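Analysis of the macromolecular model
Each chain is listed here by its residues.
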Amino acid sequence: MAMATEQITRIKQAVILCGGLGTRLMPYTKNTPKPMIKCNGKPFLFYLLQQLHSQGIVRFVLLTGYLSEKIINYFGDGSKWGWDISYSDGPVNWDTGRRIWEAQSKFDARFMLLYSDNFVPFLLNKILAVHYKNQKSLTFMVTPRHQGNVALKSNIVKKYDNSRCSDD
């Protein structure tokens, strides 16, 4: 177990997808990127970064696109909050895979990948303990949904349906 604890402490970076158009939230996202929509007076993304930082994540790579300047202007390099933020900004029309591919040189060997519009309470050490115990290259944290696109069996992804369409 000491080895797992040692490995757990090595994850210090989160990569966060922030580039979508947010079409389902129009007209709110006409002039504001979805991660910057205010929640209790602060951008939603702020709470996500704060949650990750409280669990030991110290570096963030924000993969931006739509209205990226609004995200960059608000967060800057993150030093105001004790964070280290860098950006990979790409055209709005890049899909998720392209956005990740183009930024890969900025990633640590081990990192978390998240969407900027989902907030789930979690304990990072628990997730990482499961990850190392299962010895898989990737570990997903999913929540059951009526029309979800991931099928699990014994907590292992058995089927992924990528036919779900979305504009953002």
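Rules and cut-offs
Residues numbered from 1 in each chain as written. Predicted model: local features only at pLDDT ≥ 70, side-chain atom pairs only at ≥ 80, totals over all residues. Heavy atoms only, no water. Pairing = 2+ DSSP bridges. Helix = DSSP H or I, 4+ residues; strand = E, 2+ residues; numbered from the N terminus. Axes fitted to C-alpha atoms, helices over the stretch in contact; angles between N-to-C directions. Contact = heavy atoms within 4.5 Å. Phe/Tyr/Trp six-rings, centres within 6.5 Å; stacked < 30°, edge-to-face > 60°. Buried < 20%, exposed > 50% of the residue type's maximum accessible area, 1.4 Å probe, protein only. Polar contact = N/O pair within 3.5 Å; in protein donor to acceptor, adjacent residues only side chain to side chain. Core = buried A, V, L, I, M, F, W, Y, C linked by side-chain atoms within 4.5 Å.

Turning to the sheet that holds strand β6 (residues 112-115), a few remarks are in order. Pairing between the strands of a sheet is mediated by backbone hydrogen bonds and can be parallel or antiparallel. Strands sit in the order β5-β4-β1-β6 across an open sheet of four strands; the sheet is parallel. The sheet terminates laterally at β5 (84-89) and β6, the two strands that pair on one side only. Between one strand and the next, the sheet's axes are offset by a mean angle of 20 degrees, whatever the strand orientation. As paired strands, strand β1 (residues 13-18) and strand β4 (residues 59-64) are joined by six bridges and run parallel to one another. When the bridges of β4 are listed, Q13 appears paired with R59. Packed on one face of the sheet, helix α2 (residues 44-54) meets β1, β4, β5 and β6 and runs near 165 degrees to β1.

This model, assessed by the stated rule, comprises ten aromatic pairs. The interplanar angle of 20 degrees and the centroid separation of 5.9 Å between the aromatic rings of Y74 and W81 together place this pair among those described as stacked. Between F107 and F111 the ring centres are 4.7 Å apart and the planes differ by 45 degrees, which places this aromatic pair in the tilted class. Note on F107: relative accessible area 15%, which makes it buried.

On to the side chain of Q13. In this fold, Q13 is placed in strand β1. Of the polar contacts made by the side chain of Q13, one reaches the backbone nitrogen of D108; its length is 2.7 Å. Leave out the neighbours within four places in its chain, and Q13 touches I57, R59, V61, K106, F107, D108, F111 and M112.

Now for the nonpolar core. Grouped together as the largest cluster of nonpolar side chains are 24 residues, with contacts concentrated most on I16, L52, F60, L62 and F75. Listed by contribution, the elements that provide at least two residues to this core are β1, α2, β4, α3 (68-75), β5, β6 and α5 (124-134). In contact with L52, not counting residues within four places along its chain, are A14, I16, I57, F60, M112, L114 and F122. Counting six residues, the second-largest nonpolar core is a separate cluster that includes V61, L63, A103 and F107.

With that out of the way, let us pick up unusual backbone geometry. Glycine aside, residues mostly have negative phi angles, and peptide bonds mostly take the trans form. The residue after M26, namely P27, is reached through a cis peptide bond having omega 10 degrees. Inspection of the secondary structure assignment puts P27 in the loop between β1 and β2 (38-39). At N40, a residue that is not glycine, the phi angle is positive and equals roughly 55 degrees. Position of N40 relative to the elements: it lies in the loop between β2 and β3 (42-43). You can call N40 exposed: its relative accessible area is 73%. Within the chain, L67 stands out as a residue other than glycine whose phi angle is a positive 50 degrees. With respect to the helices, strands and loops of the structure, L67 is situated in the loop between β4 and α3.

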